[in-house]
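# Close look at the chain arrangement
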Amino acid sequence: MISRSKKEPQKYAQFFEKINHYSESAWKAIQKKEWPTVGAMMNEHQKLQYALGVCDQQTSRLLETLQKNPHVLGCKISGSGLGDCVLALVTSDFSWENNEFINIDTQLSIQGLMNECS
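This one's a predicted model, so the numbers in the text were calculated from it and none came from an experiment. (Residues numbered from 1 in each chain as written. Predicted model: local features only at pLDDT ≥ 70, side-chain atom pairs only at ≥ 80, totals over all residues. Heavy atoms only, no water.)

## Points about the packing of aromatic side chains
Test applied: In summary, the pairing rule links any two rings of Phe, Tyr or Trp, Trp by its six-membered ring, whose centres are within 6.5 Å, and it sorts them by plane angle into stacked for under 30 degrees, edge-to-face for over 60 and tilted for everything else. The helix and strand labels rest on DSSP assignments: H or I over at least four residues marks a helix, E over at least two residues marks a strand, and numbering proceeds from the N terminus. Burial classification: accessible surface area is computed with a 1.4 Å probe over protein chains only, and a residue below 20% of its type maximum counts as buried, one above 50% as exposed, and the rest as partly exposed.
Throughout the structure, instances matching the rule amount to one aromatic pair. Between Tyr12 and Phe15, the ring centres sit 5.7 Å apart and the planes meet at 50 degrees, which makes this aromatic pair tilted. Here the residue Tyr12 and the residue Phe15 both occupy positions in helix H2 (residues 9-32), the gap between them amounting to three residues, near one helical turn. Looking at Phe15, the relative accessible area reads 12%, which means it is buried.

## Observations regarding the nonpolar core
In a soluble, globular protein the nonpolar side chains are often hidden away together inside. Definition in use: Take the buried Ala, Val, Leu, Ile, Met, Phe, Trp, Tyr and Cys residues and link them wherever side-chain atoms come within 4.5 Å; each set so joined is a nonpolar core.
The biggest cluster of nonpolar side chains holds 16 residues, and the ones touching the most others in it are Phe15, Leu48, Leu52, Leu63, Val72, Cys75 and Ile77. Elements with a contribution of two residues or more to this core: H2, helix H3 (35-52), helix H4 (57-68) and strand E1 (72-78). The greatest single-element share of this core, amounting to five residues, is contributed by H2. With five residues, the next largest nonpolar core counts Ile30, Val38, Met42 and Leu89 among its residues.

Geometric values such as these leave the question of function open.
As structure tokens, then:
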């Protein structure tokens, strides 16, 4: 991506401005506990990841599956490279029982993410 960004600096500058906008908007929504807005910002951010070409086919299929579920407010890749992790923000009534996903319980607060798995 670095070599591509050097060839088209203005295009990538726009991508990074949008990423910053979605991140800031999500942070404001987290502070207000506006979870549907947080989910929407995650989805918009993920669209930029697709456009940047940093999401492989297998991860894309997982994201598409998650996005079809009405209890998923938003999802996106996280990590370096092609995204070594998928994050999904789900409603409290989401059931993991009938899904083929790995669930790691966490809590999100102003202080940051707290992992509750043992």
